[in-house]
Amino acid sequence: MHPGKKRASIVKAVLLIACLVGGWALAQQASSPQTVTFDRPVHFLAPDGSDVEVEAGAYEVDSPGELRLRLSPVAGAAPLFIQALPTTHSEAVESPVALTVVTDEDITHVVLLLSDKTALDAPGSLSGIRSRTDVPQRLSTLQLKQAVGSQLLLSGSPTAPLAVNPPSGAVITGPAVRFQWQQSPGQPAPSRYEICVGELNQPCTGPHAVVFKITGMLLTEPLPPKQLGVGPRPGSPDFERQAGTSGTAPYFYNVTLPFQFQGKRLQWSIAGCVPIAGQAAFSGQTPESCTASTPRPITWVLSPPALNMPAENTLLQTLTPAFSWNYGNQQGVEYFLVCIFKPNVPCPVQPSVQPYVFAALVQNALGFTPPQDLSPFMGHTLHWTVAACNAALGCVYQPQYRRFQVPIVDGSFDSIYEVSQNAKCKNCHQMHRENETYRRHVKLGRFTRDEIPPSAVDGVLREGGRLTETTKKCSNCHTSATGFTDEWRAPVRMFGLPREESFEQLIDGNLCFQFKAEPALKRGGRDHLVNDSNILWAVGRIPGLGRARWQQKVDAWFKAGAPCGPKDGRRHGQFTP
């Protein structure tokens, strides 16, 4: 089998031959059983506890007699010494055998099996990241047995192909994958290849793996369900071979992985196979010897969902919008995470309700309606996106989020507030702060800069120890004939607020309650807002509003009971748990 054990057909043939001839020597190995190859640099611990980086390449492995291994580069450079842990094995080996075993995306072991059933195990790290509390873990007996089954060579076996791409730790984003490898030097050369892709640390013969046979020979045995791909023989027109710059040319083979692997951590290996010389065929199939490369971990990440509705820059028609998205094959997706958020606020990777961001878990559906309305965000622009999630890999958000605008609905204080913040209203309410209208009046000589318009409450205003009075000057222009009377002057201390905050406090807090407490509203209520000549002058000049629409807004608010929002002093612009 590969990786983990010899292929089932080989084992069956070997067992039949063993019954006839009295046994089979599994210990017959290739000519260099003590050589290992690294396709990437690996970090090990030196005997003194320091870090030693072993570069990619081929190394002969032996032990100088202590709890350490010596790695001698085949190219002839100085040997390297690494720490090793003592362990045992149950394999029949007549001379030392060196193996490499990958246990996850970061850990690679070098193991030297000795003939007395003892072994030395040196765990290494691709990243080289170790904490002070890290304790190296030796391989289990089962892991050693699986490694021996995939890497010990029968007499006449080819050397393992050299896996090239995808590299260890690679991320794939879809089922279409191009695998690349090289033929390792050695005899005999493989007559065909097999690519095994499966879940991490799972054997190729189980339900969690798939084997792609690259051969031109017709198979007489039924294909098991896991055997999804049968490709052309190496050298045929459908099998790509690209010239390399050195060594043997790399081979490429395109496969389509089953969606059962989506959203999982996987591994892949390439095996070279040759017929076993002199052995009879059983059940119409010639016995083979196959040698597999060390499995390489890869990850098939979940694809982000495709956003559907609301579309980009949509003005919502309701405060309880429905969100929808599309997703192809949902294999591996355990749930979706819908995120609604204000600009520049990151989406969480788990369901949560926080200020300015809301993330909800959705299972078995491609749509969602928030349980709370978006009234705290009336008039705001929000973003939304969706993530596909599972426990193994976390969440993958659609990075191309959508923007949408939350409407300001009639019957809310927001609909009144947005009008009050228009420049036509602030012309009067902020003249005492020397706004643009004030500066224009000074420039036209209607009053001097020292004369600040008095409040309508007490008629005069003390500024710098002086009394200023502009009533007569204002009445020259503000008459009943112009429709903008001399009573235009807004109170400086509106709603009981200091003059500096007059009429421009944000909607957050208690502005609505203070607004309703204004004496003019207390006396006249709706009448003041819809009949005051100065208010009508302003709303009649606000584009898109007009007096009729303003009256509609006011009537809707009073009909709803002049609400200020949920609870006392609703915090505007936040989600609430």
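Going by the structure above, here's the rest.
Residues numbered from 1 in each chain as written. Predicted model: local features only at pLDDT ≥ 70, side-chain atom pairs only at ≥ 80, totals over all residues. Heavy atoms only, no water.

Taking 1.5 Å per residue, 14 residues should reach 20 Å; helix H11 (residues 546-559) reaches 20 Å between its end C-alpha atoms and fits that length. Along H11, the residues classified as buried are Gly 546, Trp 550, Lys 553, Val 554 and Trp 557. For H11, the arc enclosing every buried residue in end-on projection is 105 degrees, short of the 170-degree limit, so these residues lie on one face. Opposite its buried face, H11 presents the exposed residues Ala 548 and Lys 559, each directed more than 90 degrees away. Just downstream of H11 lies Gly 561, where phi reads positive at about 95 degrees. (Helix = DSSP H or I, 4+ residues; strand = E, 2+ residues; numbered from the N terminus. Expected span 1.5 Å × (residues − 1). Buried < 20%, exposed > 50% of the residue type's maximum accessible area, 1.4 Å probe, protein only. Arc of directions from axis to C-beta.)

What follows deals with the side chain of Ser 352. Assignment of secondary structure puts Ser 352 in strand S26 (residues 352-354). Of the residues examined, Ser 352 reaches a relative accessible area of 17% and is grouped as buried. Of note is the side chain of Ser 352, whose polar atom sits 3.1 Å from the side chain of Gln 354. The residues touching Ser 352, leaving out its near neighbours within four places in the chain, are Val 357, Phe 358 and Ala 359. (Polar contact = N/O pair within 3.5 Å; in protein donor to acceptor, adjacent residues only side chain to side chain. Contact = heavy atoms within 4.5 Å.)

With that settled, consider the nonpolar core. If you look at soluble globular proteins, the nonpolar side chains tend to sit buried side by side. Counting residues in each nonpolar core, the largest one holds 24 residues, and the members touching the most others are Phe 336, Phe 404 and Val 406. Those elements that place two or more of their residues in this core are strand S24 (323-326), strand S25 (335-341), strand S27 (357-362) and strand S29 (381-390). If we ignore the near neighbours within four places in the chain, the residues touching Phe 336 are Pro 305, Trp 325, Tyr 327, Gln 330, Ala 360, Leu 361, Val 362, Ala 365, Leu 366, Val 386, Ala 387 and Ala 388. Grouped together as the second largest cluster of nonpolar side chains are 22 residues, Ala 163, Val 255, Phe 261 and Ile 270 included. (Core = buried A, V, L, I, M, F, W, Y, C linked by side-chain atoms within 4.5 Å.)

Let us now look at the pattern of salt bridges. One pass over the structure, following the stated rule, counts 10 salt bridges. The partner of Arg 68 in a salt bridge is Glu 66, with the nearest N and O atoms 3.6 Å apart. Given the relative accessible area of 23%, Arg 68 is considered partly exposed. Ionic pairing is found between Glu 194 and Arg 192, a salt bridge with its closest N-O pair at 2.7 Å. (Salt bridge = Lys/Arg side-chain N within 4 Å of Asp/Glu carboxyl O.)

Further remarks concern the packing of aromatic side chains. As enumerated under the stated definition, the model contains 16 aromatic pairs in all. Measuring from centroid to centroid gives 6.3 Å for Phe 413 and Tyr 417, while their planes differ by 45 degrees, and the two rings are tilted. Note that Phe 413 and Tyr 417 are positioned in helix H3 (residues 413-420) at a spacing of four residues, about one turn of the helix. With respect to burial, Phe 413 and Tyr 417 carry one shared label: buried. Here the aromatic rings of Phe 413 and Trp 557 are separated by 5.7 Å at their centres, their planes lie at 45 degrees, and the arrangement is tilted. In this pair, Phe 413 is assigned in helix H3 and Trp 557 in helix H11, connecting sequence segments 144 residues apart. Assigned by exposure class, Phe 413 and Trp 557 land together as buried. Within the aromatic cluster, the residues linked to one another by ring pairs are Phe 413, Tyr 417, Trp 557 and Phe 558. (Phe/Tyr/Trp six-rings, centres within 6.5 Å; stacked < 30°, edge-to-face > 60°.)

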